Amino acid sequence: MSTIGETGEFGLIDRLVPYFTASREVLVGIGDDCAVVRVGGETLLLTTDMVIEGRHFLREHFDGEAVGWKAAAGALSDIAAMGGTPLFVLASFAAPADTATAFAEGVARGMAALAAEYGATVVGGDTTRCDTCVALDLAVVGRVEGDRYVTRKGAQRNDRLLVTGPLGRAAAGLHALKHGEGESILIEAQLRPRPRIAEGQWLAQQEGVRAMVDISDGLAQDAGHLAKAAGIGVDIALDGLPAADPLLDYCRQADLDADAFRLSGGEDYELAVAVDPDRAPRIVDDFRAAFAKECYIVGQFSDNWHGVHLNGETIERGGFDHFKE
Ligand code: ADP
Ligand code: MG
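Residues numbered from 1 in each chain as written. Chains lettered and ligands numbered in written order. Predicted model: local features only at pLDDT ≥ 70, side-chain atom pairs only at ≥ 80, totals over all residues. Heavy atoms only, no water.

## A word on the side chain of D78
Going by this rule: Think of it this way: any DSSP run of H or I at least four residues long counts as a helix, any run of E at least two long counts as a strand, and we number them from the N terminus. Burial classes: relative accessible area under 20% of the type maximum marks a residue as buried, over 50% as exposed, and values in between as partly exposed (1.4 Å probe, protein chains only). None of His or the chain ends enter the tally, which takes Lys and Arg as positive and Asp and Glu as negative. The salt bridge criterion pairs a side-chain nitrogen of Lys or Arg with a carboxyl oxygen of Asp or Glu, the two atoms within 4 Å. Here, two residues are considered to be in contact whenever any of their heavy atoms come within 4.5 Å of each other.
By secondary structure assignment, the location of D78 is in helix α3 (residues 64–80). One buried charged residue, D78, forms no salt bridge at all, with the nearest opposite charge on R152 at 5.3 Å. The residues touching D78, leaving out its near neighbours within four places in the chain, are D33, C34, T47, D49 and D214.

## A closer look at a nonpolar patch on the surface
For clarity, the cut-off: A patch consists of residues exposed above 30% relative accessible area that lack any salt bridge, with like charges linked at up to 9 Å and nonpolar side chains (Val, Leu, Ile, Met, Phe, Trp, Tyr) linked at up to 5 Å. Per-residue and other accessible areas follow the Shrake-Rupley method at a 1.4 Å probe size, with only the shown protein chains counted as cover for residues.
On the surface, a cluster of nonpolar side chains totalling about 600 Å² of accessible area is made up of I13, L16, V17, Y19, F20 and I30. Relative to the elements of secondary structure, V17 occurs in the loop between α2 (9–16) and β1 (26–28). Here V17 falls in the partly exposed class, since its relative accessible area comes to 31%.

## Considerations on the sheet that holds strand β3 (residues 42–52)
The condition is simple: We treat two strands as partners when DSSP finds at least two bridges between them. Lines are fitted to the C-alpha atoms to define the axes, a helix being fitted only along its stretch in contact, and any angle between axes, read from their N-to-C directions, falls within 0 to 180 degrees.
The sheet built from six strands is open, its strands ordered β1-β2-β3-β6-β4-β5 with mixed pairing. With partners counted over all chains shown, the strands left at the sheet margins are β1 and β5 (121–129), one partner each. Mean inter-strand twist for the sheet, computed between neighbouring axes without regard to direction, equals 25°. Across nine bridges, the pairing between β3 and strand β6 (residues 135–143) is antiparallel.

## Observations concerning the nonpolar core
Among soluble globular proteins, nonpolar side chains are generally buried collectively. Definition in use: Residues enter a nonpolar core if they are buried and are Ala, Val, Leu, Ile, Met, Phe, Trp, Tyr or Cys, with the set joined through side-chain atoms within 4.5 Å.
Residues L136, L138, L203 and V273 are the most contacted members of the largest nonpolar core, which totals 64 residues. For this core, the element with the highest residue contribution is α3, accounting for ten residues. Ignoring sequence-local partners within four residues, the contact set of L203 consists of T164, V209, M212, L271, V273 and I283. Judged by nonpolar contacts, the second largest core, of 25 residues, contains L219, A223, L263 and V298.

## Focus on the coordination of the magnesium ion (ligand 2)
Filter applied, for reference: Here a donor is an N, O or S atom found within 2.8 Å of the metal, or within 3.2 Å if the metal is Na, K or Ca; sites may look incomplete because water is not among the atoms.
Each protein donor to the magnesium ion (ligand 2) is listed here as D33 (OD), D78 (OD) and D214 (OD); together their distances run 2.0 to 2.1 Å. Of note, the donors binding the magnesium ion (ligand 2) are all from one chain and are spaced D-x44-D-x135-D. Of this pair, D78 sits in helix α3 while D214 sits in strand β8 (residues 209–214); the two residues are 136 residues apart in sequence, bridging distant segments of the chain. D214 matches D78 in its accessibility class, with the two residues each being buried.

## A look at helix α8 (residues 219–230)
Condition: One fewer than the residue count of a helix, multiplied by 1.5 Å, yields its expected span.
Compared with an ideal rise of 1.5 Å per residue, which puts twelve residues at 16 Å, α8 spans 17 Å between its outermost C-alpha atoms and is within 8% of the ideal. With nine of twelve residues buried, α8 lies mostly within the body of the structure.

## Examining the packing of aromatic side chains
What counts, and what does not: Paired rings are identified among Phe, Tyr and Trp, the last through its six-membered ring, by centres lying within 6.5 Å, and are further divided according to the angle between planes into stacked (under 30 degrees), edge-to-face (over 60) and tilted (the rest). Definition used: whenever NZ (Lys) or CZ (Arg) falls within 6 Å of the ring centre and also within 35 degrees of the ring normal, the charge is taken to sit over that ring.
Tallied over the full model, the rule gives four aromatic pairs. Relative to F287, the ring of W202 has its centre 5.8 Å away and its plane inclined at 75°; by these criteria the two rings are edge-to-face. One end of the pair, W202, is in helix α7 (residues 197–204); the other, F287, is in helix α11 (residues 280–291), and 85 residues separate them in sequence. Accessibility classification places W202 together with F287 in one group, the buried group. One aromatic cluster is present, formed by W202, F287 and F291 through successive ring pairs. Sitting over the face of the ring of F103, R59 holds its NZ or CZ atom 4.1 Å from the ring centroid.

This is how it looks when you write it as structure tokens:
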């Protein structure tokens, strides 16, 4: 008998897919950041995302507000990854009976605050008891402007791999929290992540943007999803990332491998994008003008191999799989 620990998160999902048959209204089904469906002339995005105590957050470092905020950021990030606008959120909450009421209220407050910043409204949910841990699942409905959405599929050979910001900060922030460090940009990135909604919408409107995913499980893993969806490979070059970064200072002081955080650290919620090489320089310049911050070219797609390379070499070190560690 095999276990889901052996099958792995993505192997398990592959096994579940045959049970669900798509209908005519489904433009994009299982396998992307959101499902894309047609309802009464509108193109809607549907996604759901769960956070579990001990897995996505530790109670000693997260108050209720941080849990709610982080869960909402992760859920809305999948809307950003398609270039969409979040509209409505349904929140399902489970917790042990001895959980402080103030903690549960904090969860609602944090979630509502994040959602409101991005124009979404919490419209319902479900509440139940769970004796072992706190769990929060957020289902989000969004829409796309003018039928323009970007899926994970569409990268072509020689396309550039672009990311919308620095990487690894959230993971380094968790390390800093566990080691009792005080407030910093890194800890802020872990406790108060933000979905790149405006960036995703903007990118979806740019000529030459061919595929997009949000980085929830680390660049190697999520860029790997772009490559796999296109049936090609991607070569990552981390020297495209900023040379001055609080992540680098922290790793130098703590004697840690910064590249490991940049490659495999999840929860930054930046977007990873496959971009036509001829359009890439223009997109980088226009992105700077639009958002007053940098985006970075961190790799190139190729049809000479499958999977993910780092500086031309194969890498074993992947991102996060919930069943394999
Ligand atoms: P993301 O990291 O963007 O949230 P996931 O890697 O969690 O995406 O999921 C990949 C795809 O598999 C998504 O389309 C998601 O909706 C689908 N999926 C994940 N778990 C299940 C499940 N238990 N049943 C059906 N579809 C699932
Ligand atoms: Mg995603």
